[in-house]
Amino acid sequence: MAARGHVQDPNDRRLRPIYDYLDNGNNKMAIQQADKLLKKHKDLHCAKVLKAIGLQRTGKQDEAFSLAQEVATLEPTDDNSLQALTILYREMHRPELVTKLYEAAVKKVPLSEEYHSHLFMAYARVGEYKKMQQAGMALYKTVPKNPYYFWSVMSLVMQAISAQDEKLAQTMFLPLAERMVEKMVKEEKIEAEAEVQLYFMILERLGKYVEALDMVRGPLGEKLTSELQSRENKCMMMYQRLQLWPECNALSYKLLLKNPDEWQFYLSYFDSLFHLMDKSWSPPNEEEHCVEGPVQTTVAEAVKFVVDRMEEEDKKDSRPLRGPYMACLELIHRLRQRGCPDEEELGDPLELMLQFFGKFGDKPCCITDLKIYLHLLPPEQHTQFRNRLGELVPLGEVGEDGFGFPGDTKALQRHLCVCQLSRVLGLQHTLDTEGKLCLITELKAHYHYGLQFGKSCLKTELQFSDTYCLMVAHVYIDLWTETGDENMLWQCLGVLEEGLSYSPSNAQFKLLLLLLFCRLGAFHTYSTTP
């Protein structure tokens, strides 16, 4: 309410106390002040609307709506009344009434840029895309600025996206939007990056990938600067759509040399490499391989490229990047799928994963990174892998309870990662009942010990050791599922409630509690869980 623009109405001084009461939540005083003002100035429409806002906020919706309609039927054009009515209708959840309000205002003041733009935004809130198109064009004719023209173009695109008939979108809405943009391109009136982005979106939806690629490569593509490598990303997308694998490969290679941690470029590099191999593609003699530069077409080249990236990371004094090490595992996975013996040149997957854990085990993402490549390990190596990971976790001396604990959050994260990988590998599931109970005791001890690292955490922040608590809950659920012992389920509920007392914002605790309460038929507890 307080954030109103400059008011030219001389009644602003009289209205100010009502605004202040409303801003401070004193709705009854706002109503009284409005009544006093209306006794002296019966035709002060804004005072009536402000009174209606007060009535709406005190629960008198019908009276508020009746009062608002009295003003709306007069089709006001003053800023104060229009803004107040807009606020009221928004609080009433009646955005469609705002459109009628500004339709009337635009008819009375057809040259007002402000009212035209408010009308466009009102249509946008209710999803009236055709009327948005018309309002945008009317605004552009009134005030010929590029953004308004492209509001109209975007409205056409929205009509295409929301159209139930895809044929109508492809034959009418999108072609019209394309012609409108092409007109601006020919007149050299394209100014902003957003306009280029919209043009690209239209061409992509029309399936005109060649035209989209030419546009991104051309002068218009130079405007794509807000995102890092935005132009290259769009080129890559079009190369893939057009199955221009040489260009895709060369561009991926070039970009990875600049940024060896960009995962999506590794994927496009490998995809294009194997497509070229399947097609037995070879570069032309005495010519450039393609417009993007040299192309790599053999597994040997790919292996050397990935190994070189890893070696460069190993030489760095700063913290290494994850991309090259994950790319090595990804290439082994793909070569193994194709039955290619060259995977041996990249190394043993177990040693590579241990190397990865050694470098990145203190990052929460380590578990998700390694999880997708665990299938590279044969079952007989699972226990060995877990044990060797454990050797890389710095724990303190074993205490009376038989456990050693991490000295800081980085060591804690490493230990957590080993526990999670152990569960993913199925090693926890193979334990008997006694083994699972011993595991629960160990995980609980680590959970309680780890709480000391989060003493300064806000209620909205998660504890560093929350994952231990979650793992305890899942082992209890395993025991309940295997033995049918409901005591395990109650123990699980107790652990989760304790975890929630330390981490009130932990969504995983809440979701698991909801699931278990539903299983128990405790729907009242389910409905009152925060």
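Residues numbered from 1 in each chain as written. Predicted model: local features only at pLDDT ≥ 70, side-chain atom pairs only at ≥ 80, totals over all residues. Heavy atoms only, no water.

I'd love a proper account of the layout of surface pockets, names of residues and values included.
To find the voids left in a structure, one rolls a probe of water-molecule size over its atoms. By volume, the largest pocket amounts to about 400 Å³. Lining the largest pocket are 18 residues; nearest its centre among them are Q420, T467, L470, M471 and Q508. The residue makeup of the lining of the largest pocket, split by class, is eight nonpolar, eight polar and two charged. (1 Å grid on protein atoms, 1.4 Å probe; cavity = no way out; pocket = protein on both sides within 12 Å on 5 of 7 lines; lining within 4 Å. Points joined across faces, edges and corners; volume = space filled by probe spheres on them. Nonpolar A, V, L, I, M, F, W, Y, C, P; charged D, E, K, R; others polar.)

I'd like to hear about the confidence of the model for the protein chain, residue by residue, with values.
When pLDDT is averaged along the protein chain, the result is 91; 96% of the residues meet or exceed 70. When the criterion is pLDDT under 50, residues 2-8 qualifies, and its contacts beyond four places in sequence or with other chains add up to nine contacts. (pLDDT = per-residue confidence, 0-100. Contact = heavy atoms within 4.5 Å.)

Break down the nonpolar core for me, citing the residues and quoting the values.
With 89 residues, the main nonpolar core has V153, L331, M353 and F385 as its most contacted residues. Counting 42 residues, the second-largest nonpolar core is a separate cluster that includes C46, V49, A52 and I87. (Core = buried A, V, L, I, M, F, W, Y, C linked by side-chain atoms within 4.5 Å. Buried < 20%, exposed > 50% of the residue type's maximum accessible area, 1.4 Å probe, protein only.)

Lay out the packing of helix α14 (residues 245-258) against helix α15 (residues 263-278) in plain terms, naming residues and giving numbers.
Contact pair α14 / α15: the axes reach a minimum separation of 8 Å and the direction vectors enclose 145 degrees. Considering how the two elements wind past one another, α14 and α15 form a crossing that is left-handed. Contacts between α14 and α15 involve W245, P246, C248, N249, S252, Y253, L255 and L256 from the first element and F265, Y266, S268, Y269, S272, L273, H275 and L276 from the second. Of the residues assigned to the contact of α14 with α15, the class counts are 11 nonpolar, five polar and no charged. (Axes fitted to C-alpha atoms, helices over the stretch in contact; angles between N-to-C directions. Helix = DSSP H or I, 4+ residues; strand = E, 2+ residues; numbered from the N terminus. Left-handed = near helix turned anticlockwise from the far one by under 90°.)

Tell me about the side chain of D362, and please be specific about residues and values.
Within the secondary structure, D362 sits in the loop between α18 (349-360) and α19 (366-371). Residue D362 is classed as buried on the basis of its relative accessible area of 15%. Looking at D362, its side chain comes within polar contact range of the side chain of R319, at 2.6 Å. When residues no more than four places from it in sequence are discounted, the contact partners of D362 are R319, K410, Q413 and R414. (Polar contact = N/O pair within 3.5 Å; in protein donor to acceptor, adjacent residues only side chain to side chain.)

Tell me about the packing of aromatic side chains, and please be specific about residues and values.
Using the criterion set out here, one finds 13 aromatic pairs in the structure. On the basis of an interplanar angle of 45 degrees and a centroid distance of 4.9 Å, the ring pair of Y253 and F305 is categorised as tilted. With Y253 in helix α14 and F305 in helix α16 (residues 299-315), this pair connects stretches of sequence that are 52 residues apart. Overall, F305 belongs to the buried group, its relative accessible area being 3%. With 5.1 Å between their ring centres and 50 degrees between their planes, Y269 and F305 make a pair best called tilted. (Phe/Tyr/Trp six-rings, centres within 6.5 Å; stacked < 30°, edge-to-face > 60°.)

Just give me the short version of helix α2 (residues 27-40), but keep the residues and values in it.
Taking 1.5 Å as the rise per residue, α2 with 14 residues should run 20 Å; its terminal C-alpha atoms sit 20 Å apart, in good agreement. Burial in α2 covers these residues: N27, A30, I31, A34, L37 and L38. The arc enclosing the buried residues of α2, seen along the axis, measures out at 130 degrees, which places them on a common side. Exposed side chains of α2 directed beyond 90 degrees from the buried face belong to K28, K36, K39 and K40. (Expected span 1.5 Å × (residues − 1). Arc of directions from axis to C-beta.)

So, the side chain of S81: which residues are in play, and what are the values?
By the secondary structure assignment, S81 is in helix α5 (residues 79-91). What makes S81 buried here is its relative accessible area of 1%. At 3.4 Å, the side chain of S81 and the backbone nitrogen of C46 are in polar contact. Here the side chain of S81 touches D78 through a polar contact of 2.8 Å, side chain to side chain. Each residue touching S81, except ones within four places of it in the same chain, is listed here: H45, C46 and P76.

Explain the pattern of salt bridges to me, and be specific about the residues and the numbers.
Side chains carrying opposite charge are able to pair once their charged atoms draw close together. In total, this model carries 24 salt bridges according to the counting rule given. When the shortest N-O distance is used, the salt bridge between K48 and E70 registers 3.6 Å. You can see K48 sitting in helix α3 (residues 45-57) and its partner E70 sitting in helix α4 (residues 61-72), a full 22 residues away along the chain. E70 gets classed as partly exposed once you look at its relative accessible area, which sits at 38%. (Salt bridge = Lys/Arg side-chain N within 4 Å of Asp/Glu carboxyl O.)

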